[in-house]
Structure formats: structure tokens, C-alpha cells
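Understanding the architecture of this molecule
Given next are the chains, with one letter for each unit.
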Amino acid sequence: MSGDVVNLRMARKHRDRATKEATAERNRFEHGRSKSERDLARAKNNKAARDHDASRREPDKPNR
């Protein structure tokens, strides 16, 4: 029953570093773009939403 010895302090540090790196990667993606890139992405998302709504088979019925 001999297993690997795990240093809990080091394991916790590795886990925390991985979490911080994931957060940093997300922030780099979100905030690391120029204004023109953000505007282009926003325009593409809006167009995709409009195209999706335009291809509905039935119009929305008002709730009574």
C-alpha cells in the first residue's frame, strides 16, 4: 500500500496557479482586443441574432 507522497501545500499552489492562469487567459481575450475588433465582433453577433430571428417559421403571438 505504498503510494506517491503528495505535498498538499504544493498541490494547492499548483491548483491556484492554474486557476489564476485560466482567469488571466479569459481576461486577455476579453480586454486585449482593439476597439475596432470589439466593434466588429459586436456587429457580427448582432447580425447573427437578426438572421436567426428573421428565419422563424411562426411569428411570436402576443400573450393575452
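Residues numbered from 1 in each chain as written. Predicted model: local features only at pLDDT ≥ 70, side-chain atom pairs only at ≥ 80, totals over all residues. Heavy atoms only, no water.

1. So, a positive patch on the surface
A grouping of Arg9, Arg12, Lys13, Arg17 and Lys20 is seen on the molecular surface, where their side chains present a positively charged patch. When you line up the elements, arginine 12 lands in helix H1 (residues 8–31). A residue is classified by how much of its surface remains accessible, and arginine 12, at 44% relative accessible area, is partly exposed. (Patch = residues over 30% accessible without salt bridge, like charges linked within 9 Å, V, L, I, M, F, W, Y side chains within 5 Å. Areas by Shrake-Rupley, 256 points an atom, 1.4 Å probe, with all protein chains shown as cover. Salt bridge = Lys/Arg side-chain N within 4 Å of Asp/Glu carboxyl O. Lys, Arg positive; Asp, Glu negative; His and termini not counted. Charge placed at Lys NZ, Arg CZ, Asp CG, Glu CD. Helix = DSSP H or I, 4+ residues; strand = E, 2+ residues; numbered from the N terminus. Buried < 20%, exposed > 50% of the residue type's maximum accessible area, 1.4 Å probe, protein only.)

2. Brief notes about the pattern of salt bridges
Close approach of charged atoms allows side chains of opposite charge to pair. Throughout the structure, instances matching the rule amount to 5 salt bridges. The closest approach of N and O atoms between aspartate 39 and arginine 42, which form a salt bridge, is 3.0 Å. On the criterion of helical spacing, the pair formed by aspartate 39 and arginine 42 is a turn pair, its members being 3 residues apart in helix H2 (residues 35–54). Judged by relative accessible area, which is 36%, aspartate 39 ranks as partly exposed. Each of Glu21, Glu25 and Arg28 takes part in a single network of salt bridges with overlapping partners.

3. Quick notes on the environment of lysine 47
Assignment of secondary structure puts lysine 47 in helix H2. Distance in space between the C-alpha atoms of lysine 47 and valine 6 is 52 Å, their sequence separation being 41 residues.

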